[in-house]
Amino acid sequence: VINIPRDDLKLRKDITFMLEREYSISEDLLYFHEDLIKWREEIHDLKINAVIVDHNELVYESKKLIDSVVGIIDHHEDLGLYKEVTPRIIKVTGSCTSLIYNYWNDMIKDKIAMKDMIKFMYGAVLLDTSNFKHKVEEPDREALKSYQTELESSNINILSNNDTNSFDQEKFFKSLKKAKKDIKGVSVRDIIRKDYKQFEFNVGSS
């Protein structure tokens, strides 16, 4: 479940670039915030348990929709919540996807399923670390080593170098960065929403 409104997916063009170009996954195959609301309305006594990633606390409207948290994989400051869940992985990394990949790569013995996800997760860590130049931590390096090993030993097609037919990381990174910055066809309202931040401050009396 992608914890955003369905209409917001179009603002993440780096994600739609990967979904459409590399995986041929259309929007109708994904689940969004509205789907949680719909399930709540249609299914009597529904209980929704969630593994949360890239957060270690339920945020915004999710608090009203999720009954319990059963797992966490995150790279932000540990707020000390949900101490009993498994997995509960909260470590500093450049990209949360590195923690997710490393966890499942250790768990799954059949690596075919992991190979299917390499392109997507590799792309995420490249953007999060500016092509492994900033905020790189040991879990990122561990994931990168695995990505590169799998790419070298398999026929995963991912933006190859035309001269050598080998994977071109720099080319892949630039393609994702270009897609992420693309605002073609996006309204002014959506451009503002794309990276909108709202803060509330308590102003003391004078």
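Everything numeric here is computed off the predicted structure, so don't read it as measured data. (Residues numbered from 1 in each chain as written. Predicted model: local features only at pLDDT ≥ 70, side-chain atom pairs only at ≥ 80, totals over all residues. Heavy atoms only, no water.)

Taking 1.5 Å of rise per residue, the 16 residues of helix α6 (residues 138–153) would be expected to cover 22 Å, and the 23 Å separating its terminal C-alpha atoms lies within 8% of that figure. The complete set of buried residues in α6 reads P139, D140, A143, L144, S146, Y147, E150 and L151. Looking down the long axis of α6, one finds its buried residues gathered within 165 degrees of arc, a one-sided arrangement. Of the exposed residues in α6, those oriented more than 90 degrees away from the buried face are E138, K145, E152 and S153. (Helix = DSSP H or I, 4+ residues; strand = E, 2+ residues; numbered from the N terminus. Expected span 1.5 Å × (residues − 1). Buried < 20%, exposed > 50% of the residue type's maximum accessible area, 1.4 Å probe, protein only. Arc of directions from axis to C-beta.)

Taken in spatial order, the 3 strands of this open sheet run β1-β2-β3, and their pairing is parallel. Each edge of the open sheet carries a strand with a single partner, namely β1 (49–53) and β3 (88–90). The sheet shows a mean angle of 25 degrees between the axes of neighbouring strands, direction not considered. Note that strand β2 (residues 68–74) and β3 share 3 bridges and pair parallel. Its bridge partner lying in β3, I73 is registered against I89. Of the strands in this sheet, β1, β2 and β3 are in contact with helix α4 (residues 96–107), which crosses β2 at around 105 degrees. (Pairing = 2+ DSSP bridges. Axes fitted to C-alpha atoms, helices over the stretch in contact; angles between N-to-C directions. Contact = heavy atoms within 4.5 Å.)

Within helix α1 (residues 13–22), 7 of the 10 residues are buried, which leaves the element mostly enclosed by the surrounding structure. Every buried residue of α1 is listed here: K13, D14, T16, F17, M18, L19 and E22. The inward-facing, buried residues of α1 contact α5 (112–128) and α7 (169–181). Positive phi appears at S24, one or two residues downstream of α1, with a value of about 55 degrees.

To continue, consider the packing of α5 against α6. The N-to-C vectors of α5 and α6 enclose an angle of 135 degrees; their axes lie 10 Å apart at closest approach. Considering their axes alone, α5 and α6 lie oblique with respect to each other. Seen along the crossing, α5 lies across α6 with a hand that is left-handed. Residue-level inspection shows K115, I118, M121, Y122 and V125 of α5 in contact with α6, the latter providing D140, L144, Y147, Q148, E150 and L151. Of the residues assigned to the contact of α5 with α6, the class counts are 7 nonpolar, 1 polar and 3 charged. (Parallel < 35°, antiparallel > 145°, perpendicular 65-115°, else oblique. Left-handed = near helix turned anticlockwise from the far one by under 90°. Nonpolar A, V, L, I, M, F, W, Y, C, P; charged D, E, K, R; others polar.)

Okay, the side chain of K119 next. Tracing the backbone through its elements, the reader meets K119 in helix α5. When its relative accessible area of 13% is taken as the criterion, K119 is described as buried. In this structure the side chain of K119 is engaged in a polar contact, spanning 3.2 Å, whose partner is the backbone oxygen of E22. (Polar contact = N/O pair within 3.5 Å; in protein donor to acceptor, adjacent residues only side chain to side chain.)

Here we come to the nonpolar core. Ranked by size, the top nonpolar core spans 26 residues in total, and within it Y101, Y122, F132 and Y147 carry the most contacts. Among the elements of the structure, α1, α4, α5, α6 and α7 are those that each provide at least two residues to this core. Among the elements that make up this core, the one with the highest residue count is α5 (7 residues). Apart from residues lying up to four places away in sequence, Y101 is in contact with M114, I118, M121, A143, S146, Y147 and E150. (Core = buried A, V, L, I, M, F, W, Y, C linked by side-chain atoms within 4.5 Å.)

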